[in-house]
Amino acid sequence: MNIPKNLKYTSSHEWVRIEGNTVFIGITDYAQEHLGEIVFVELPEVNDEVTKGAPLAVVESVKAAADVYAPLSGTVSEVNEALLDNPELVNQDPYENWIVTLEISNPAEIEDLLDPAEYEKVCEQEE
Amino acid sequence: MSRYISNTALQQEEMLKEIGLNSLEELFRDIPKEVRLKQNLNLPEALSEMDLLKHLKALAGRNNNLEDNICFLGAGVYDHFIPSVIDTLISRQEFYTAYTPYQPEFSQGTLQAIFEFQTMMCELTGMEISNASMYDGASALAEAMLMACQAVKRDEVLVASSVHPESREVLKTYARARGIKVKEIGFINGTLDLEELKSAISSATAALLVQYPNFLGAIESLPTLAEIAHNNKALFVVSADPIALALLKSPGECGADIVVGEGQSLGNPLSFGGPHLGFFCATEKLLRKMPGRIVGQTTDKKGRRSFTLTIQAREQHIRREKATSNICSNHALNALTATIYLTLLGKEGLKEVAYLCLQKAHYAMEQITKLPGFDPLYTAPFFKEFAVKTPVSPEDLNANLLESKIIGGYPLQKVYPELKNTWLLAVTEKRTKEEIDLLVEKVGGK
Amino acid sequence: MAQNKQTPLIFEISQPGRKGYSLPPCDVPEKEVSELLPADFLREKPPLLPEVSELDTVRHFTRLSQRNYGVDAGFYPLGSCTMKYNPKVNEVVSRLSGFLHVHPYQAEETVQGCLQIMYELDRMLSEITGMDRFSLQPAAGAHGELAGLLAIKAYHTARGESRRTKIIVPDSAHGTNPASAAMAGFEVIQVKSNAQGGVDLDSLKAAVSPELAGLMLTNPNTLGLFDENITEIAEIIHAAGGLLYYDGANANAILGIARPGDMGFDVVHLNLHKTFSTPHGGGGPGSGPVGVKKDLIPFLPKPLVEFRDGKYYLDGDLPLSLGKVRSFYGNFTVMVKAYAYILSLGAKGLKEVSENAVLNANYLLQKLKGLFLLPYDRICMHECVFSGQNYHSQGVAVLDIAKRLLDYGYHPPTIYFPLIVQEALMLEPTETESKETLDEFIAALKAIVEEIQTDPELVRSAPYSTVVQRLDEAAAARHPKLRWQPETNK
């Protein structure tokens, strides 16, 4: 299981890459593995405002659907439209293929995210 | 033991022994004593097959059926001709004793038939996608309302009061549950009141819902209505009569976003109101918001064309409380009936059925309005159903007609209190000139 | 299922000019269509329906049927779906002209037979479930759930308690339960199952509040287990002012044995297409009557059938009714089949149904114990739930076992449900199957388990003998192809 060291995580299996005020968000390798073949990603609209913990996107496989929750509060600045035609990209490389970017509104929330070691424990417990 | 149980008493004993129990009673030991039924159910004594047949034939005999009566009653359910082939085919046990096609390798028959059904419904309605069926036209319209509200994120809809009264009631039930506001728009000369529509529609409107032809028999001008809806970024929802669509411009061509309807006319008997089927079609954009099952084409491991239930992440068994609808069982066998009907009638036959309905309904209208006191209620174009003013109460007319084994039309006052002494008559391809003339004669003799 | 050849789509065998219908000539004086309808109302491009002969049609759909599998052909232990034998006499009586060719708006005096059946079926279902009144209007189980929940909502509202907006649903529930609750405008609260597979009472107590509208429960639950705490559960819910809803999907276990009404349930739906033997038709039509206790009768869907002065009639004058959930009165000819079924069996026969359904399920449970993991090792009711996780290490999933069963000629059990059991395998044999059938099925599963040990790949790649092999379902969902397109449009 791949858990890159340079990212932050949530216990609901999102990863976060922080670049100043912009954060990239996707689902982890663990999440894509458990969902199986991803067939559709439902994206939010650019400029949608989200609060931490609210549903942000939906990732669907043949027999399951998983909500992607906003790891941080902010405004959607970009959505990865490539996933609309090729949702399988998330299976191929879940860390390269981010789902949305947010302009965050409350940087203090970053403190609450998990570091790679903490996230690894979450995964171990779920197994 | 009844004839539907295969185990013998001896086998029951053997099985109990395997399980390690002494009696059937012990199988139920987890059920607390206080909720165990102490007495036998109070039900009629079991009937033998012979007695059952006798009893049910007697009950069926207490109904006037349309094989022995001449029917001019429509109002949403129509006495169209049903080719003999249909019952033979849908009675094949492989179709009717199967469950929902969850195992595609074992259900290619049902799945391919649904794929063909979806194609036919798309063709008829002029829409891009169709689901595998709904319970009926009314619940399909209610689901269309829910889908429209979801899609445009608004919670108010406008519905023509010329939509079937039962559909409007169902719509309101579903709307109340979700806190959706429903406003009715009246009619002038049988079709939607455009001025009222224009003043009622706003940026809060999720959808405009109309029927085509409407409950009063009149044909709405869909393109005008679509434009008004779209100008307000509302969706345009049409509930259509599939037989009429052989002749009339498809709602898709006229700008509809969702097309639903009652599919009973397509080979399904009237059955005292059910089971019939609802159909549900939409633009491709709305695919992920569709209710119900959808069949898609794919290939198997060997590259052979095959069919499977697809886009299932919308559905209750996966999405639970976030599903687009709670529908699980639909009306698959009725959809199969419709598919076989449309196959037999085909491109030309359906047009011919529609043509016969159109000609006979207009002949009937012409003849009946020659009688003194009988006038057309509206001048709007109509297809197989029309409303007339009557000099006496339509209930009285119907009571008299029944003596001649004629089932008369629908008294509109039942649902439109202002429409006193008005009568809605349906004329399908089954009605002969002789029967129409008899109707006119009996009504005139009154 | 002999048809291994691919079957063309009906559109692909269409030949211009061929026809499969015969209609009489128009016998009224004809007018030009343009005289009757405005030109801009008329369709220019005809719908692309097939043009085939009657024989083409019969062959096509017969061939399609041969690519299907039904209960008449063999064992169908699909858990929670109650795939019992569908008696043929029910089909015969439901097709009598006096039922089939009757218009729902005919005058009441001309449909007394239909109304009598509805009236009596309502009374019979009430007796069987211990309720006071049924509405036969809902078209299916999920539709019955919606109607029942709306009755609960209307009940609370009439009592000035519209603040009750929450419905509790156990995590073992059918997906329709939370979906119906959401559709009825309720908020869903999920509660956990306990170690015995029942509702966890502490979680339940923690979940109730003044906003509680009710609890949805199926008993026996989806693990096939009877919740022994049912009386206590009912007390907790009623004490909090909530109502109990009984999902009747599993009612085949309790006919003549126990009644939801006596367990404390206030609202019940039944699936006539499960418990009462009406066929599933490849996905429907079913029928999902909803029954209630006395206090909730005024809120049932309208109209109800009443009887006065020797006449049956439809009473639509129910001011507190939740309204209508569909047109007309329900799936009438499905009701006729269920009515005929109950009359065929009587009280004794119905009890035999449940006794044999439970006996058969426990026999399977006992005989399969060694093959699969049994998460809840107790006497089960009408169905039993195993886990196939013990074959995980061989790289075989429960899906593979299900697919291999197809090669042995069986419809597989329900898999991956209930969600609270990993690699779930849910078997419901029903009462109509014989010991011999069960033994043969058990032998087939044993053979498959043997194959997992010796040649797991054989199982992983199954099925082989079906008309198609495993499908690319991901491709179907990623690039939806939902209708046929003529060549030129491709």
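Reading guide: rules and limits
Sequence order as written defines residue numbering, which begins from 1 separately in each chain. Chains and ligands are labelled sequentially in the order written, the chains with letters from A and the ligands with numbers from 1. In keeping with the model being predicted, local features are shown solely for residues with a pLDDT of at least 70 and side-chain atom pairs are shown and tallied solely at 80 or more, while totals for entire chains, interfaces and linings include all residues. Water and hydrogen atoms were dropped before computing side-chain values, which therefore reflect all heavy atoms in the structure. Only protein atoms enter the 1 Å grid, on which a cavity is a set of points fitting a 1.4 Å probe that cannot get out and a pocket is an open set with protein on both sides within 12 Å along at least 5 of 7 lines, lining residues being those with an atom within 4 Å of a point. Grid points are joined across faces, edges and corners, and a volume is the space filled by probe spheres set on the points. Elements are defined by DSSP. Helices are runs of H or I of four residues or more, strands are runs of E of two residues or more, and each kind is numbered from the N terminus. Any two of the Phe, Tyr and Trp rings considered here, Trp counted by its six-membered ring, make a pair once their centres fall within 6.5 Å; the pair's planes then place it as stacked at under 30 degrees, edge-to-face at over 60, or tilted in between. Segment limits for the domains were obtained from an automatic or database-derived domain assignment. Contacts were defined at the residue level, with two residues in contact if any of their heavy atoms lie within 4.5 Å. Buried area adds together the accessible area that both of two parts lose upon being put together, with accessible area traced by a 1.4 Å probe. Only one rule defines a salt bridge in this text: a Lys or Arg side-chain nitrogen within 4 Å of an Asp or Glu carboxyl oxygen. Between N or O atoms, a polar contact is any pair within 3.5 Å; within protein, one atom must be a potential hydrogen donor and the other a potential acceptor, and residues adjacent in sequence are included only when both atoms are from side chains. Burial classes follow relative accessibility: with a 1.4 Å probe on protein chains only, a residue under 20% of its type's maximum area counts as buried, one over 50% as exposed, and anything between as partly exposed. An arc is given here, and it is the one of the directions from the helix axis to the C-beta atoms. Pairing between two strands is assigned when DSSP locates at least 2 bridges connecting them. Every axis in this analysis is a line fitted to C-alpha atoms, fitted for helices over the stretch in contact. Angles between the N-to-C directions lie between 0 and 180 degrees. Asp, Glu, Lys and Arg are counted as charged, while Ala, Val, Leu, Ile, Met, Phe, Trp, Tyr, Cys and Pro are counted as nonpolar; the rest, among them Gly, fall into the polar class. The criterion is simple. A nonpolar core is a set of buried Ala, Val, Leu, Ile, Met, Phe, Trp, Tyr and Cys residues joined through side-chain atoms within 4.5 Å.

Participant: How should I be thinking about the layout of surface pockets in this particular structure?
Facilitator: Remark: the empty space left among the atoms is shown by a probe the size of a water molecule rolled over them. Space inside the second largest pocket adds up to approximately 1500 Å³. In terms of lining, the second largest pocket is formed by 42 residues, of which the most central are Glu42 of chain A together with Gln150, Ala151, Lys153 and Lys289 of chain B. For the lining of the second largest pocket, the elements supplying multiple residues, two or more each, are strand E4 (38-42) and strand E6 (55-61) of chain A together with helix H6 (137-152) of chain B. Sorting elements by how many residues they give to the lining of the second largest pocket places H6 of chain B first, with seven residues.

Participant: What's the story with the packing of aromatic side chains in this structure? I'm lost.
Facilitator: Geometrically, a pair of aromatic rings is defined through the distance of the ring centres and the angle of the planes. For the coordinates displayed, the defined rule picks out 32 aromatic pairs over all chains. Note on Tyr4 of chain B and Tyr341 of chain C: the rings are 6.2 Å apart at their centroids and 15 degrees apart in plane angle, and the pair reads as stacked. Placement of Tyr4 of chain B in the segment before helix H1 (9-19) and of Tyr341 of chain C in helix H11 (residues 332-368) is noted, with the two residues assigned to different chains. Between Phe382 of chain B and Phe386 of chain B the ring centres are 5.4 Å apart and the planes differ by 50 degrees, which places this aromatic pair in the tilted class.

Participant: What is the right way to look at the domain arrangement of chain B in this model?
Facilitator: Interface size is commonly expressed as the accessible surface area that is lost when the partners come together. Residue and element names in this part refer to chain B. Per the domain assignment, the segments making up chain B are domain 1 (70-82 + 348-444) and domain 2 (85-340). Put simply, the middle of domain 1 and the middle of domain 2, counted by C-alpha atoms, are 27 Å apart. Domain 1 puts 29 residues into the contact, and the matching count from domain 2 is 32 residues. Taken together, the two surfaces of domain 1 and domain 2 that pack against each other cover about 2300 Å², and 71% of this comes from carbon and sulfur. Where domain 1 meets domain 2, there are one salt bridge. Among the salt bridges present, the one from Lys384 reaches Asp241, with a minimum N-O distance of 3.0 Å. Taken together, the connections running from domain 1 to domain 2 amount to seven residue pairs in polar contact (both at pLDDT 80 or more). Within the residue set of the side of domain 1 that touches domain 2, elements represented by two or more residues are helix H11 (332-368) and strand E14 (385-389). The element contributing the most residues to the side of domain 1 that touches domain 2 is H11, with five residues.

Participant: What should I look at first to understand helix H12 (residues 394-403) of chain B in this one?
Facilitator: An α-helix turns once per 3.6 residues; consequently, residues spaced three or four apart project the same way. Where H12 of chain B is concerned, the buried positions are Pro394, Leu397, Asn398 and Leu401 of chain B. With its buried residues spanning 95 degrees around the axis, H12 of chain B presents them on a single face.

Participant: Could you clarify how one ought to interpret the sheet that holds strand E7 (residues 65-69) of chain A in this entry?
Facilitator: Picture the strands of a sheet paired through backbone hydrogen bonds; they go either parallel or antiparallel. All names here are of chain A. On the basis of which strands lie adjacent, the open sheet formed by three strands has the order E4-E6-E7 and antiparallel pairing. The open sheet has two edge strands with one neighbour each: E4 and E7. Averaged over all adjacent pairs, the angle separating strand axes in this sheet is 20 degrees, with direction ignored. Direction of pairing for E4 relative to E6: antiparallel, over a ladder of four bridges. Bridge pairing links Ile38 to Ser61 in E6.

Participant: Would you mind going over empty space enclosed by the protein with me for this structure?
Facilitator: Residues and elements named next belong to chain B. One pass over the full model with this rule turns up 11 cavities of 30 Å³ or more. One number sums up the size of the largest cavity: a volume of about 350 Å³. Surrounding the largest cavity, 27 residues form its lining, Gly76, Tyr78, His164, Gln211 and Glu262 being those nearest its centre. Those elements giving two or more residues to the lining of the largest cavity turn out to be H6, helix H7 (165-178), strand E7 (205-212), strand E8 (235-240) and strand E9 (258-262). Among the residues forming the lining of the largest cavity, the class breakdown is 10 nonpolar, 12 polar and five charged. When residues of the lining of the largest cavity are assigned to domains, at least three map to each of domain 1 (70-82 + 348-444) and domain 2 (85-340).

Participant: Sorry, what's going on with the pattern of salt bridges here?
Facilitator: Close approach of charged atoms lets side chains of opposite charge pair. Using the criterion set out here, one finds 56 salt bridges over all chains in the structure. Its salt-bridge partner being Arg17 of chain A, residue Glu19 of chain A comes within 3.2 Å of it at the nearest N-O pair. You can call Glu19 of chain A partly exposed: its relative accessible area is 44%. Between Arg378 of chain C and Asp30 of chain B there is a salt bridge, and its shortest N-O distance comes to 3.0 Å. Of this pair, Arg378 of chain C sits in the loop between H11 and strand E10 (384-387) while Asp30 of chain B is found in the loop between H1 and helix H2 (49-61), placing the two residues in two different chains. The class for Arg378 of chain C is buried, based on a relative accessible area of 17%. Residue class for Asp30 of chain B comes out buried when judged on its relative accessible area of 12%. A single network of salt bridges, built from pairs that share partners, joins Asp79, Lys430, Arg431 and Glu435 of chain B.

Participant: How should the interface of chain B and chain C be read in this particular structure?
Facilitator: The partner chain C presents 205 residues to the 185 residues of chain B that form the contact. Of the roughly 17600 Å² buried at the junction of chain B and chain C (both faces included), carbon and sulfur atoms supply 62%. When the buried area of chain B at its contact with chain C is split by residue, Tyr4, Phe106 and Phe272 of chain B rank highest and sum to 6% of it. Our count for the contact surface shared by chain B and chain C stands at 12 salt bridges. Ionic pairing is found between Glu18 of chain B and Lys367 of chain C, a salt bridge with its closest N-O pair at 3.4 Å.

Participant: Would you explain unusual backbone geometry in this entry?
Facilitator: As a rule of thumb, non-glycine residues mostly have phi less than zero, and peptide bonds are mostly trans rather than cis. With an omega of -15 degrees, the peptide bond running from Tyr212 of chain B to Pro213 of chain B counts as cis. Across the junction of Gly284 of chain C and Pro285 of chain C, the peptide omega takes the value 5 degrees, indicating a cis bond. One non-glycine residue, Ala75 of chain B, lies in the positive phi region at around 55 degrees. For Ala75 of chain B, the location among the structural elements is in the loop between strand E1 (70-71) and helix H3 (85-90). Taking relative accessible area as the criterion, Ala75 of chain B reaches 0% and is therefore assigned buried. Notably, Lys153 of chain B is not glycine yet its phi reads approximately 55 degrees, a positive angle. Positionally, Lys153 of chain B belongs in the loop between H6 and strand E3 (156-160).

Participant: Explain the side chain of His60 of chain C to me, please; I cannot follow it from the model alone.
Facilitator: Its location among the elements puts His60 of chain C in helix H2 (residues 54-65). The class for His60 of chain C is buried, based on a relative accessible area of 5%.

Participant: Which parts of the structure should I look at to understand the interface of chain C and chain A?
Facilitator: Counting from both sides, the interface comprises five residues of chain C and, opposite them, nine residues of chain A. The junction of chain C with chain A conceals about 540 Å² of combined surface from both sides, 51% of it contributed by carbon and sulfur atoms. Sorting the residues of chain C by area buried against chain A places Glu473, Ala474 and Arg478 of chain C first, and these three jointly supply 76% of that buried surface. Across the contact surface, chain C and chain A share two salt bridges. Salt-bridge contacts for Lys63 of chain A lead to Glu473 of chain C; the nearest nitrogen and oxygen are separated by 3.5 Å. There are one residue pair in polar contact (both at pLDDT 80 or more) connecting chain C and chain A. Looking at the side of chain C that touches chain A, its residues break down into two nonpolar, one polar and two charged.

Participant: Please explain the nonpolar core as it appears in this structure.
Facilitator: Within soluble globular proteins, side chains that are nonpolar generally end up buried alongside one another. Core analysis: the largest hydrophobic core is formed by 177 residues, its most contacted members being Met145, Phe236, Ile258, Ile368, Phe386 and Trp423 of chain B. The biggest single contributor to this core is H11 of chain B, with 20 residues. With near-sequence residues (within four places) excluded, Met145 of chain B lies in contact with Val157, Leu171, Tyr174, Ala175, Ile180, Val182 and Leu209 of chain B. Counting 146 residues, the second-largest nonpolar core is a separate cluster that includes Ile31 of chain B together with Val89, Leu136 and Leu445 of chain C.

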